[in-house]
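# Observations on the three-dimensional arrangement
So the chains spell out like this:
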Amino acid sequence: MKRTAFLCVAVVMVAGAVAFTTSASGHSDEEAAPVYGVRVPHGYRDWRLISVARVGDPLNDLRAKLGNDIAIKAYREGKLPFPDGTIIARLAWQQVTSETIQNAFRVRGGTETHLSPEQVEKLVDGSLVAGPPSNVQFMVKDSTKYASTGGWGFAQFNDGKPADEATHKTCFSCHEPAKDSDFVFTRYAP
Amino acid sequence: MKRIALLLFAIATLAGIVAFTARASGHADEAASPIYGVTIPAGYRDWQLIAVKQLHFAGMGEQLRAQVGNDIAMKAFKEGTRPFPDGSIIAAMHWTRVPSEDNDKVLDPAFPGTHSFVIGSPVNVQFMVKDSRKYAATGGWGFADFKDGKPGDKALHETCFPCHAPAKDRDFVFTDYALAP
């Protein structure tokens, strides 16, 4: 009886370990991006901020660049090329207006400033927040594996699914103008 | 002789601890914001991202902005907890917005005529600190605005709470958590 109980505990523990390993790997069971085989890195939304940007017409999005610990360290120390293990994430959201912010502008613009209604509306129109997610892109540094593309592997995911091969074939050529900064466009925001 | 060495070692250790403590407190010795007495929280640049924004100001053009939060704030944002619990701190970093011709060139083949923008230089950083007792008169929030490490004047800080009043239904916080793409 004691032995059976012990066996049961052992089986449960093994099952638990298997379940934990699977869940801890997060997205790693999901599909990898073509060409480079990059997967969505676990927990990337919690990484630290590198900088922000905006792209106007026709894309009209707001963007944030986040980096894993190796990336942030390299950025702060001004280390180029980026060391192996660096991952940079570029998150894009559709730009939308915020009614709450617009109201705040209208209230203050109308009562506490000397702005005309037209001027207030201009401020309202120029104020945008991050709306629905557009897509996320990653650059993964592995100087051996990705030797032919400046040491970087590239990936784009739309709604968790990798974009097609044609899209991924444009990544490196698009980043080539930034060769002097190790193919990375974004600078660290002070 | 051995005793003196031990004493020296003890003094050196103590001096090290004092030096470390002084350094670890970082900005805490610097000036506090008027009215609310909020100082710059150490390490806020390492906090997690809440969201990003563009804001257009009269005579100042557009700014690009990022909001980050300490662990208490991020937990509340992710779980949708309102009001925010005491200890929440939200930091809003504001930069000037400048056009990026380099990025435009890169984007042009795929998206002709695209105008893209990146950050220019830092404008200011603002903080909202939740302490429902200490700041009971202002929705539980203490406010602070720092430019180049120095707090803005009293008149500026008098505008914080009235400006946030329209967001009362959202515990006076404008920003929503931007979901992972």
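Residues numbered from 1 in each chain as written. Chains lettered and ligands numbered in written order. Predicted model: local features only at pLDDT ≥ 70, side-chain atom pairs only at ≥ 80, totals over all residues. Heavy atoms only, no water.

What follows covers the layout of surface pockets. The volume enclosed by the second largest pocket comes to roughly 1,100 Å³. Lining the second largest pocket are 38 residues, and of these Leu55(B), Phe57(B), Arg65(B), Gln126(B) and Cys163(B) sit closest to its centre. Residue assignment for the lining of the second largest pocket shows that the elements contributing at least two residues are helix 3 (99-111) and helix 4 (117-125) of chain A together with strand 1 (48-57), strand 2 (61-69), strand 3 (89-99), strand 4 (116-130), strand 5 (141-147) and helix 5 (160-164) of chain B. For the lining of the second largest pocket, the residue count by class is 23 nonpolar, ten polar and five charged. (1 Å grid on protein atoms, 1.4 Å probe; cavity = no way out; pocket = protein on both sides within 12 Å on 5 of 7 lines; lining within 4 Å. Points joined across faces, edges and corners; volume = space filled by probe spheres on them. Helix = DSSP H or I, 4+ residues; strand = E, 2+ residues; numbered from the N terminus. Nonpolar A, V, L, I, M, F, W, Y, C, P; charged D, E, K, R; others polar.)

With that settled, consider unusual backbone geometry. The omega torsion across Leu80(A) and Pro81(A) is -5°, close enough to zero to call that bond cis. Structurally, Pro81(A) is set in the loop between helix 2 (69-77) and strand 3 (87-96). Of note, the amide linkage connecting Arg82(B) to Pro83(B) takes the cis form, showing an omega dihedral of -5°. A positive phi angle, close to 70°, is found at Val35(A), a residue other than glycine. Note that Val35(A) resides in the loop between helix 1 (2-24) and strand 1 (48-55). Located in the positive-phi region is Phe172(B), a residue other than glycine, with phi close to 65°. Within the secondary structure, Phe172(B) sits in the segment after helix 5.

To continue, consider the state of the cysteines. For the coordinates displayed, the defined rule picks out zero disulfides over all chains. No disulfide involves Cys160(B); its sulfur sits 8.2 Å from that of Cys163(B), the nearest cysteine. (Disulfide = S-S within 2.5 Å.)

Now for the packing of aromatic side chains. Residues and elements named next belong to chain B. The full count for this structure, using the stated rule, is 17 aromatic pairs over all chains. On the numbers, 6.0 Å between centres and 65° between planes, the contact of Phe127 with Phe146 is edge-to-face. Placement of the pair is Phe127 in strand 4 and Phe146 in strand 5, with a sequence separation of 19 residues. When sorted by exposure, Phe127 lands in the same class as Phe146, which is buried. Between the NZ or CZ atom of Arg97 and the centre of the ring of Phe117, over which it lies, the distance is 3.5 Å. (Phe/Tyr/Trp six-rings, centres within 6.5 Å; stacked < 30°, edge-to-face > 60°. Buried < 20%, exposed > 50% of the residue type's maximum accessible area, 1.4 Å probe, protein only. Lys NZ or Arg CZ within 6 Å of the ring centre and 35° of its normal.)

Here the focus is the nonpolar core. One finds Leu49(A), Val52(A), Phe138(A), Leu49(B), Val52(B) and Phe127(B) to be the most contacted residues of the largest nonpolar core, which totals 75 residues. Per-element accounting of this core gives the leading share, six residues, to strand 4 (residues 128-141) of chain A. Once residues lying within four places of it in the same chain are set aside, the contact partners of Leu49(B) are Arg45(A), Leu49(A), Ala64(A), Leu66(A), Trp93(A), Ala66(B), Gln67(B), Val68(B), Met74(B) and Tyr177(B). Within the second largest apolar cluster, ten residues are counted, among which are Ala104(A), Phe105(A), Val120(A) and Phe174(B). (Core = buried A, V, L, I, M, F, W, Y, C linked by side-chain atoms within 4.5 Å. Contact = heavy atoms within 4.5 Å.)

Turning to the environment of Gly43(B), a few remarks are in order. Structurally, Gly43(B) is set in the loop between helix 1 (2-24) and strand 1. Counting along the chain gives 134 residues from Gly43(B) to Tyr177(B), while the straight-line C-alpha distance between them is 21 Å.

Each partner contributes to the interface: chain B provides 44 residues, whereas chain A provides 45 residues. Surface buried jointly by chain B and chain A totals about 3,900 Å² across both partners, of which 65% is contributed by carbon and sulfur atoms. Among the residues chain B hides against chain A, the three largest losses belong to Arg45(B), His56(B) and Pro181(B). Together they make up 19% of the total. A salt bridge links Arg76(A) to Asp46(B), with the nearest nitrogen and oxygen atoms 2.4 Å apart. At the surface where chain B touches chain A, the tally comes to 18 residue pairs in polar contact (both at pLDDT 80 or more). Sorting the residues of the side of chain B that touches chain A by element identifies strand 1, strand 2, strand 3, helix 3 (101-107) and strand 4 of chain B as the ones contributing at least two each. The biggest single contributor to the side of chain B that touches chain A is strand 1 of chain B, with nine residues. Relative to strand 1 of chain B, strand 4 of chain A runs antiparallel, the two being bridged by two bridges. Within strand 1 of chain B, the position partnered with Val129(A) by the bridge is Lys53(B). (Buried area = accessible area lost by both parts, 1.4 Å probe. Salt bridge = Lys/Arg side-chain N within 4 Å of Asp/Glu carboxyl O. Polar contact = N/O pair within 3.5 Å; in protein donor to acceptor, adjacent residues only side chain to side chain. Pairing = 2+ DSSP bridges.)

Our focus in this paragraph is the confidence of the model for chain A. Residue and element names in this part refer to chain A. On average, residues of chain A carry a pLDDT of 85, and 81% of them reach 70 or more. Ranking the elements of chain A by mean pLDDT puts helix 1 last, at 47, and helix 2 first, at 98. Of the regions scoring below 50 in pLDDT, residues 11-29 engages in eight contacts with residues more than four places distant in sequence or in other chains. (pLDDT = per-residue confidence, 0-100.)

For the rest of this paragraph, the subject is the pattern of salt bridges. Residues and elements named next belong to chain A. Under the definition given, this model contains 14 salt bridges over all chains. One salt bridge connects Glu77 with Lys79, and the closest N-O pair in it is separated by 3.8 Å. The class of Glu77 is partly exposed, set by a relative accessible area of 48%. Among the ionic pairs, Lys169 bridges to Glu165, the shortest N-O distance being 3.2 Å. Of this pair, Lys169 and Glu165 are both found in helix 5 (residues 165-169), four residues apart, which corresponds to roughly one turn of the helix.

All names here are of chain A. Following the sequence through the fold, Lys141 ends up in strand 4. In this structure the side chain of Lys141 is engaged in a polar contact, spanning 3.1 Å, whose partner is the backbone oxygen of Phe82. Among the polar contacts made by the side chain of Lys141, one reaches the side chain of Asp182 at a distance of 2.7 Å. The residues contacting Lys141, other than those within four sequence positions of it, are Pro81, Phe82, Pro83, Asp84, Gly85, Thr86, Gly150, Gly151, Trp152 and Asp182.

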